[in-house]
Amino acid sequence: MNTYDITALGELLIDFTENGTSPQGNPILEANPGGAPCNVLAMLGRLGHKTAFIGKIGKDMFGTQLEHALKEVGIDTIGLKKDEKIHTTLAFVHTFEEGDRDFSFYRNPGADMMLSEADLEEELIRNSTIFHYGSLSMTDEPARSATRKAIQIAEEAGALLSFDPNLREPLWNSLDEAKEQILYGMEHCNVLKISDNEIQWLTGCEDFDQGIGLLQEKFSIPLILLSMGKDGSRAYTARYRVEQPAFVQEHTIETTGAGDTFGACILHYILTHGWKEYDKEELKDMLTFANAAASIITTRKGALRVMPSKEEIEVYIHKTE
């Protein structure tokens, strides 16, 4: 029996989001805990799974805030390291009218990039059923080598590998380099969660099925999940393609964490039902639950601290049937 259901490696940062205007007409910014891997862990923790995080923060006020936030939602912080010199990474998020976002990063360098191979708590990875990673830890050294080493440890330990590219264009030196690193991530994963704009960018195919088909030919990934925002989601296996509509909310305020919540619920299904070849009905159930949870999170500010419970998600599905 593994100690942890899932360990995730990657970025932990502060998302500054606009929250009103001051009397002088200046935007008021709220410092939210952010970073995709911990959003995934927070949702899985909410669903009763044992989670751990591997990453690096600065020895500063924001690092302290982030460490407290992880502990508060029950994520094990034994793998969380602190950099003496480099500050915690900051992201400034501008939300447009229709809910889309624009990011400005203060990360040149940021502490999350400084995670090294020597920082890895290898036992955490070896004792996890699932190892989850993204591409932000692959933009620069030493974090890139640390990510590759962690992937290797997870594979050797027989863990299930889950990858969400989570492309953030401004953080890469070039998009060719981004492509090269993201393809490396795909070579090693069993479960891939990718968004509609990422699949188009990566494959050059306008048609999603065609793009996913190219990935399946190249990498033979057993389970691929495509998130399409308000157009719902799809699951692809060697035998099936299943699509489920989104639960469209009239109360959506922002999309922060929706993809992470969706991805976490997919991993919850795998942890609950075991890793196997799922049939159409199972894939449909998997997507319905994940779509509902993602829909709920779009009605809340932030993500990490406000993840929905299993009961809440089930009630919401039942209510909309």
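Summarised in this report is the structure supplied together with it. (Residues numbered from 1 in each chain as written. Predicted model: local features only at pLDDT ≥ 70, side-chain atom pairs only at ≥ 80, totals over all residues. Heavy atoms only, no water.)

**Observations concerning the sheet that holds strand β9 (residues 160-164)**
Strand order in the open sheet formed by nine strands is β5-β4-β1-β8-β9-β10-β11-β12-β13, and the pairing between neighbours is mixed. Strands with a single pairing partner mark the edges of an open sheet, and in this sheet they are β5 (76-83) and β13 (241-244). Across this sheet, the average inter-strand angle for adjacent strands is 15 degrees, counted without regard to direction. Where strand β12 (residues 233-236) and β13 come together, four bridges link them in antiparallel fashion. For A235, the partnering residue across the bridge sits in β13 and is V242. The strands touched by helix α5 (residues 175-188) are β8 (128-134), β9 and β10 (191-195); relative to β9, the strand with the most contacts, the crossing angle is about 150 degrees. (Pairing = 2+ DSSP bridges. Helix = DSSP H or I, 4+ residues; strand = E, 2+ residues; numbered from the N terminus. Axes fitted to C-alpha atoms, helices over the stretch in contact; angles between N-to-C directions. Contact = heavy atoms within 4.5 Å.)

**Focus: the pattern of salt bridges**
Counted under the stated rule, the structure contains 21 salt bridges. D209 is paired through a salt bridge with R241; the nearest N and O atoms lie 2.9 Å apart. Here D209 is found in helix α7 (residues 208-219), whereas its partner R241 is found in strand β13, with 32 residues between them in sequence. The class of D209 is partly exposed, set by a relative accessible area of 28%. A relative accessible area of 34% places R241 in the partly exposed class. (Salt bridge = Lys/Arg side-chain N within 4 Å of Asp/Glu carboxyl O. Buried < 20%, exposed > 50% of the residue type's maximum accessible area, 1.4 Å probe, protein only.)

**Focus: the environment of K85**
Mapping K85 onto the fold places it in the loop between β5 and β6 (90-95). On the accessibility criterion, K85 (74% relative accessible area) is exposed. In this structure, the C-alpha to C-alpha distance between K85 and G110, residues 25 residues apart in sequence, is 9.8 Å.

**Quick notes on helix α8 (residues 258-273)**
Here α8 contains 16 residues, and its C-alpha end-to-end distance of 23 Å stays within 8% of the 22 Å for a straight helix at 1.5 Å per residue. Counting buried positions along α8 yields twelve of 16 residues, so the element is predominantly enclosed. Taken as a whole, α8 has its buried residues at A258, D260, T261, F262, G263, A264, C265, I266, L267, H268, Y269 and I270. (Expected span 1.5 Å × (residues − 1).)

**As for the state of the cysteines**
Applying the stated criterion across every chain, the model contains zero disulfides. Distance from the sulfur of C38, which forms no disulfide, to the nearest cysteine sulfur (C265) is 16 Å. When its relative accessible area of 0% is taken as the criterion, C265 is described as buried. (Disulfide = S-S within 2.5 Å.)

**Thoughts on the side chain of S162**
Here S162 lies in strand β9. When residues no more than four places from it in sequence are discounted, the contact partners of S162 are I130, F131, H132, Y133, V191 and L267.

**So, the packing of aromatic side chains**
On inspection of all chains with the given rule, the structure shows nine aromatic pairs. Taking 5.0 Å as the distance between ring centres and 70 degrees as the angle between the ring planes, the aromatic pair formed by F92 and Y106 counts as edge-to-face. Residue F92 is found in strand β6, and its partner Y106 is found in strand β7 (residues 101-106); the two are separated by 14 residues along the sequence. Given the relative accessible area of 54%, Y106 is considered exposed. Here the aromatic rings of Y269 and Y278 are separated by 5.6 Å at their centres, their planes lie at 80 degrees, and the arrangement is edge-to-face. For the residue pair Y269 and Y278, the accessibility class agrees, reading buried in each case. Chaining the aromatic ring pairs together yields one cluster made of F16, F62, F92 and Y106. (Phe/Tyr/Trp six-rings, centres within 6.5 Å; stacked < 30°, edge-to-face > 60°.)

**As for the sheet that holds strand β2 (residues 13-21)**
The strand order across the open sheet built from four strands is β3-β2-β6-β7, with neighbouring strands paired in mixed fashion. Single-partner strands in this sheet number two, and they are β3 (27-34) and β7. Along the sheet, successive strands turn relative to each other by an average axial angle of 30 degrees, direction set aside. Here β2 pairs with β6 via four bridges, running parallel. From the neighbouring strand, T17 faces β6, where its bridge partner is V93. Helix α2 (residues 61-72) contacts β2, β3 and β6 of the sheet and is inclined by roughly 55 degrees relative to β3.

**Considering the environment of E67**
Position of E67 among the secondary structure elements: in helix α2. Counting along the chain gives 30 residues from E67 to E97, while the straight-line C-alpha distance between them is 32 Å. Filtering out sequence-adjacent residues up to four positions away, E67 remains in contact with I57, T77, L80 and K82.

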